[in-house]
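Residue-level structure breakdown
One-letter residues, chain by chain:
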Amino acid sequence: MKKFALLFLFISLMACKGPEPRKPVKVNSGSFMKESVERNKQLLASEEQLMQEIIQKDSLHTYLATSDGSRYYYDLKNEVATYTPQTDDIVRFTYALFTFNNDTIYSEQEIGLQIYKVDKQELFPGLRSSIKLLKEGEKATFLFPSSLGYGYPGDKNKIGVNVPLKATVTLLTIEPNIITN
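The sections below set out a description of the structure shown in this document. Throughout this description, residue numbers start from 1 for each chain and increase along the sequence as written. Note on the predicted model: pLDDT of at least 70 is required for a residue's local features to be given, and 80 or more for side-chain atom pairs to be given and counted; whole-chain, interface and lining totals, by contrast, use all residues. As a rule here, side-chain values come from all non-hydrogen atoms in the structure, and water together with hydrogens is ignored.

A closer look at the nonpolar core
Put simply, a nonpolar core is a bunch of buried Ala, Val, Leu, Ile, Met, Phe, Trp, Tyr and Cys residues held in one set by side-chain atoms that sit within 4.5 Å of each other. Classification of residues uses two cut-offs on accessible area relative to the type maximum, computed with a 1.4 Å probe and protein chains only: under 20% is buried, over 50% is exposed, and between them is partly exposed. One finds V91, F93, Y95, L97, L127 and V169 to be the most contacted residues of the largest nonpolar core, which totals 25 residues. Those elements that provide at least two residues to this core are β3 (90-98), β4 (104-106), α4 (125-131), β6 (139-144) and β7 (165-175). Tallying contributions element by element places β7 first for this core, with 5 residues. Note on contacts: a residue pair is in contact if any heavy atoms of the two residues lie within 4.5 Å. With residues up to four places along the chain from it excluded, the contact list for L97 reads D103, T104, I105, Y106, F124, Y150, I159, L165, K166 and A167. M51, I54, Y63 and Y73 belong to the second-largest nonpolar core, a separate cluster that totals 7 residues. The helix and strand labels rest on DSSP assignments: H or I over at least four residues marks a helix, E over at least two residues marks a strand, and numbering proceeds from the N terminus.

Shown next as structure tokens:
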């Protein structure tokens, strides 16, 4: 009986020991992330250089810079209106997408009329922010680095990996959300 009690005591003491964590087989240094960040910085710098070259060659338009890194000019400006779309407003707009070489990717006819609830529906980042810059009846042309377009994945159709975009956007109507505005 003493042997049984001693054995029981020994087993219960061993069972109290918690599981030991396993050590990783391979330790990553984080170099992949550092390399990825560096690649993205270089890509953005080259795309910004392309945008600057386009702007310098275009003496007909005055380009404005946005806070997110795109550039644009007005094709048609509404000097009377003062209201720009706010969150939850409904806007109707059309747009076309081009390469920086002015090759058409998607025409306005292919895309069609868009009805968009501001900040509540999915659009690529550059288009989402550009709509909020326009007033009713305005048309503008935007230059987006690929990070504000479809980025690394592209659109899985006509827009490839890391393609900077030129977009002509026409804001037709704004229906303000009277509850929040």
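There's plenty left to go through after this.
Things to note about unusual backbone geometry
With phi around 65 degrees, D119 is a residue other than glycine that occupies positive phi space. Along the chain, D119 turns up in the loop between β5 (114-117) and α4. One non-glycine residue, N162, lies in the positive phi region at around 50 degrees. Its place among the elements puts N162 in the loop between β6 and β7.

With respect to a nonpolar patch on the surface
A contiguous nonpolar patch, built from L113, I115 and L172 and spanning about 270 Å² of accessible area, is present on the exposed surface. Of note, I115 is situated in strand β5. Any residue with relative accessible area above 30% and no salt bridge may belong to a patch, with like charges joined within 9 Å and the nonpolar Val, Leu, Ile, Met, Phe, Trp and Tyr side chains within 5 Å. Working definition of accessibility: Shrake-Rupley area with a 1.4 Å probe, residue cover restricted to the visible protein chains. Within this document, salt bridges are pairs made up of a side-chain nitrogen of Lys or Arg and a carboxyl oxygen of Asp or Glu, the two lying within 4 Å of each other.

A closer look at the environment of L134
Looking at the element boundaries, L134 is found in the loop between α4 and β6. Assessed through its relative accessible area of 0%, L134 is described here as buried. Residues L134 and Y83, 51 residues apart in the sequence, show an inter-C-alpha distance of 8.6 Å. Setting aside chain neighbours within four positions, we find L134 in contact with Y74, Y83, T84, P85, A140, F142, V169, L171 and I174.

Comments concerning the pattern of salt bridges
Here the structure, examined in full by the defined rule, presents 6 salt bridges. Put simply, R128 and E122 hold a salt bridge, and the shortest N to O gap is 4.0 Å. A relative accessible area of 26% means that R128 is categorised as partly exposed. Since its relative accessible area comes to 71%, E122 is described here as exposed. Residue E138 pairs with K135 through a salt bridge whose shortest N-O separation is 3.9 Å.

Some points on the pairing of β7
By the criterion of burial, β7 is predominantly enclosed, with 8 of the 11 residues buried. Paired strands, as defined in this entry, are two strands with at least two bridges between them according to DSSP. Relative to β7, β3 runs antiparallel, the two sharing 9 bridges. When the sheet's bridge partners are listed, Y95 is paired in β7 with V169. Pairing of β6 with β7 involves 6 bridges; the strand directions are antiparallel. Bridge assignment links K139 to a residue of β7, and that residue is T170.

Limitation: the analysis is restricted to geometry and does not speak to function.
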